[in-house]
Amino acid sequence: MARWDQIFSLPVQNPTLPEFSSADLVWSKVEGYRDNIDRLALIPYTRVRDFVRGESSNKDCPTSFHVEARRHKSKAKKYKAKVDGILEYTLYWCSFGPDDNRKGGFVRPCRTTYAPKKNKAGRPNSKRGCRCHFIMKRLIAEPTVALIIYNHDKHVDEKGLPCHGPQDKKAAGTRAMFAPYISEDLRLRVLSLLYVGVSVETIMQRHNESVEKQGGPSNRDDLLTQRYVRRLERSIRRSTYELDEDDDVSISMWVESHQSHVFFYEGFSDSEPFSLGIQTEWQLQQMIRFGNCRLLASDSRFGTNKLKYPIHSLVVFDSENKAIPVAWIIAPRVSSGDAYRWMRALCNRVHAKDPLWKVAGFIVDDPFADITTIRDVFQCPVLFSFWRLRHAWHKNIIKRCPDTETRVEISRHLGQAVDKICRRQGTATLFEGLLEDVVNSPEFVDYFRAVWSPRIGAWTSALQTLPLASQEICAAMELYHYQMKRRLLNERDSEAYQRTDWLVDKLGTKVHSYFWLDEYTGKDDFARYWKEEWVSGLTSFQRALSIPDSDVVISGTSAKVTDGGNEVHVVWSPSSHFGVCSCSWAEKGYICQHMIKLSQVCRGNRTARQSASLVQYYQTLVDLLHCPPRDSLFRDYAVSLAVSVEKQINVICDLPKSDASEGIVLKEVADIEPSDVATDFDGELNKMPMSRGRDRACSENAEDAVSGSEMEMEMEMEIDPSPCSTKAGAVDVTTNVQNETDMAMENHERDAKRLKLCSTRR
């Protein structure tokens, strides 16, 4: 019992690395059986695979570990909580052992009647008598913890000599110098190329060229053979998504064989709706890499009209701010309780890999989204993106209104209505007046009344209560939506769309492969084999940055933008989210780079109003100043935050502090509450409301607006060339809260006067 008391007193170690090895753990020595001393450590059971992978990636002796022996008890049964009771036992052994196929080596007989053969079968270099192995035990008393016993951590044979790797001189010139198998990254690359249609010969040709360019093989991946690639291609060709005629049974079989890709599953039943959450290992890595302290966005209703069940996608944004899907949830429109379960399961899966992971903001595109659940699970601000609303309206305007003038007129009215609602200057009644003005397009009016009038109130409420996501987020989500449409909904037989097993199979194979290759740096080597489904490249926002200001000519209510040297496009209603452009991308209902470029130019020249999202950000700062302070520290931080943001904007924009610039900001705030407050964000507090009736408590929406808007400012700062960008000034406000606190202390004397003024007038 003393042994187990000592084991349970050890800390559970969980390194914050995607994969970790024995060098990243602190090992303890505990007395074992037969007077032996065991070298052991405790890790989370969910991270056993990460430990095996990390231990296999040893630079001094690359290898891989296989399961030499395993026994486990059924999870369905209940067992007595014995101290030494074992729920699962797994013996991992180096793949270069334990047998020794070298001359004079010992090979274990596979049966008692074993007769040695003259010619040894198998690969002689793969088994060299390596004694390195470790044991994993999952205890009944602590099923969430894995006990690792690692007594033989040296890659040596029975004589104590190195038997493979760079330290083994006899392995020079053989494959024993490298790992026995190719890496998971190369395997995933080959599979992705095969899924998108690249031939085996082409893959091997490009691979051999890269090996020759580097001067010969330097690792196991360089020894890729055509036989191995052909075997993968054959397995793909022979696979089928229809594992059973019954779709429900087929899904259950797929889930059972793809446990590592499923983070949540609720089968078909009368009491609970079907729900399936898919996330591959690569998607989990991208979620940790690009989602930590950054934005996480939701595409909630893809394939509603075609698929049996719509797809709810969660995406992160890479270094180029392109959307990468990190999870797919396949389910009907579920209740809030169901959303909580899969969100919690996904969050727990990420935290098992990285306990310090935390998202900075969550963007929703559905006004009926469960905001309370999102805040509860992810502990972050929630923002709203109306890209789906704008895309649906613009697509139907193009479809139902052949006349350009009518398109421009309807788009202008819609844009003005949405802008007023976002600035809290109007309600849903604005759309009723719009329908009366556009009587020359009865087809669009009928569409709007039938589809949008019943639910426009929910969208209006979301636009007013939640902070808005930036135009760059909208462009990224539109590109992701187009990519999913091209890569998933391209089947000749439309009956496949009504089978869920087809959907999960294609998401995990072809669609996943396309998005993996989007992040692959060597994808340009296969450019001649790209198909229409392989639509990649920059978002409209990124493309707009490459258009020089000199190629933009504004004349009245329209403008001409020269793109690509000679191609000229006409844009009506410049500087608006609801502009109309003559390019092919805008004809599909998406916001194009020409609209975004005009918006940037107009706001840079101050010929257009500030964006609604920035005005919401300013309004939130005003709301913070109106709030009755819970304590003096909160009030101090609120005032210091407003002063700090304006100082950073002035420094980055390098603009003189003139009365004109102050007046512009004052006008934007006055547009929101013209009779209540006039605030100078250069640091001088001119007027505060005298009535206590206007004081409002700090709500979660106010915190969302500050944190979410500042997070998007941080994303846009690296790519926005305009010195007068609407959001480029407020960088690192939320992510550097400690620095802001230090700044508040340094400006304490300067703020004392303001605090005194605020407290007396309250």
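Residues numbered from 1 in each chain as written. Predicted model: local features only at pLDDT ≥ 70, side-chain atom pairs only at ≥ 80, totals over all residues. Heavy atoms only, no water.

A. Region of interest: the overall build of the chain. In terms of regular secondary structure, the chain is built from 25 helices and 17 strands. Out of the 762 residues belonging to the chain, those deemed buried represent 52%. Partitioning the contacts of the chain with sequence separation of at least 6, the portion at a separation of at least 24 is 69%. As displayed, the chain offers around 36,600 Å² of accessible surface, 50% of which is attributable to carbon and sulfur atoms. (Helix = DSSP H or I, 4+ residues; strand = E, 2+ residues; numbered from the N terminus. Buried < 20%, exposed > 50% of the residue type's maximum accessible area, 1.4 Å probe, protein only. Contact = heavy atoms within 4.5 Å. Areas by Shrake-Rupley, 256 points an atom, 1.4 Å probe, with all protein chains shown as cover.)

B. Geometry of the confidence of the model for the chain. Summing up the model confidence of the chain, the mean pLDDT is 80 and the portion of residues at 70 or higher is 79%. The low-confidence segment residues 655-700, where pLDDT is below 50, has 84 contacts with residues more than four positions distant or belonging to other chains. This stretch, residues 710-762, has a pLDDT under 50; its non-local contacts, to residues over four places away or in other chains, come to 109 contacts. (pLDDT = per-residue confidence, 0-100.)

C. Broad picture of the UniProt feature "domain: SWIM-type" (unreviewed entry) in the chain. Residues given the UniProt feature "domain: SWIM-type" (unreviewed entry) here are residues 566-603. Annotated as residues 566-603, this span is 39% helix and 21% strand, and its ends, taken at the C-alpha atoms, are 26 Å apart. (UniProt positions renumbered as here; feature names shortened; annotations may be inferred.)

D. Quick look at the state of the cysteines. Taken as a whole and assessed by the stated rule, the structure comprises zero disulfides. Here Cys 380 stays unpaired: no disulfide links it, and the sulfur of Cys 347, its closest cysteine neighbor, is 9.1 Å away. With relative accessibility at 6%, the residue Cys 380 sits in the buried group. (Disulfide = S-S within 2.5 Å.)

E. Geometry of a positive patch on the surface. Residues Arg 227, Arg 231, Arg 234 and Arg 238 make up a contiguous surface patch of positive charge. Inspection of the secondary structure puts Arg 234 in helix H5 (residues 226-238). (Patch = residues over 30% accessible without salt bridge, like charges linked within 9 Å, V, L, I, M, F, W, Y side chains within 5 Å. Salt bridge = Lys/Arg side-chain N within 4 Å of Asp/Glu carboxyl O. Lys, Arg positive; Asp, Glu negative; His and termini not counted. Charge placed at Lys NZ, Arg CZ, Asp CG, Glu CD.)

F. Up close: helix H10 (residues 387-400). Helix length check: H10, at 14 residues, gives a terminal C-alpha distance of 20 Å against a target of 20 Å (1.5 Å per residue), a fit within 8%. With 12 of 14 residues buried, H10 lies mostly within the body of the structure. Among the residues of H10, Trp 387, Arg 388, Leu 389, Arg 390, His 391, Ala 392, Trp 393, His 394, Asn 396, Ile 397, Ile 398 and Arg 400 are the ones counted as buried. (Expected span 1.5 Å × (residues − 1).)

G. Looking closely at the sheet that holds strand E14 (residues 552-555). Taken in spatial order, the four strands line up as E14-E15-E16-E17 in an open sheet, and their pairing is antiparallel. The outermost strands of the open sheet, each flanked by one partner alone, are E14 and strand E17 (580-581). Note that E14 and strand E15 (residues 558-563) share four bridges and pair antiparallel. Bridge pairing in E15 links Val 553 to Lys 560. Its contacts with the sheet put helix H19 (residues 593-604) on E14, E15, strand E16 (567-572) and E17, and the angle it makes with E14 is roughly 75°. (Pairing = 2+ DSSP bridges. Axes fitted to C-alpha atoms, helices over the stretch in contact; angles between N-to-C directions.)

H. Seen up close, the packing of helix H3 (residues 184-195) against helix H16 (residues 500-518). Where H3 meets H16, the closest approach of the two axes is 9 Å, and the angle between their N-to-C directions is 115°. Of the two elements, H3 crosses H16, and the hand of that crossing is left-handed. Two secondary-structure elements touch here, H3 through Asp 185, Leu 188, Arg 189, Leu 191, Ser 192, Leu 193 and Tyr 195 and H16 through Thr 509, Lys 510, His 512, Ser 513, Trp 516 and Leu 517. Broken down by class, the residue content of the contact of H3 with H16 amounts to six nonpolar, four polar and three charged. (Left-handed = near helix turned anticlockwise from the far one by under 90°. Nonpolar A, V, L, I, M, F, W, Y, C, P; charged D, E, K, R; others polar.)

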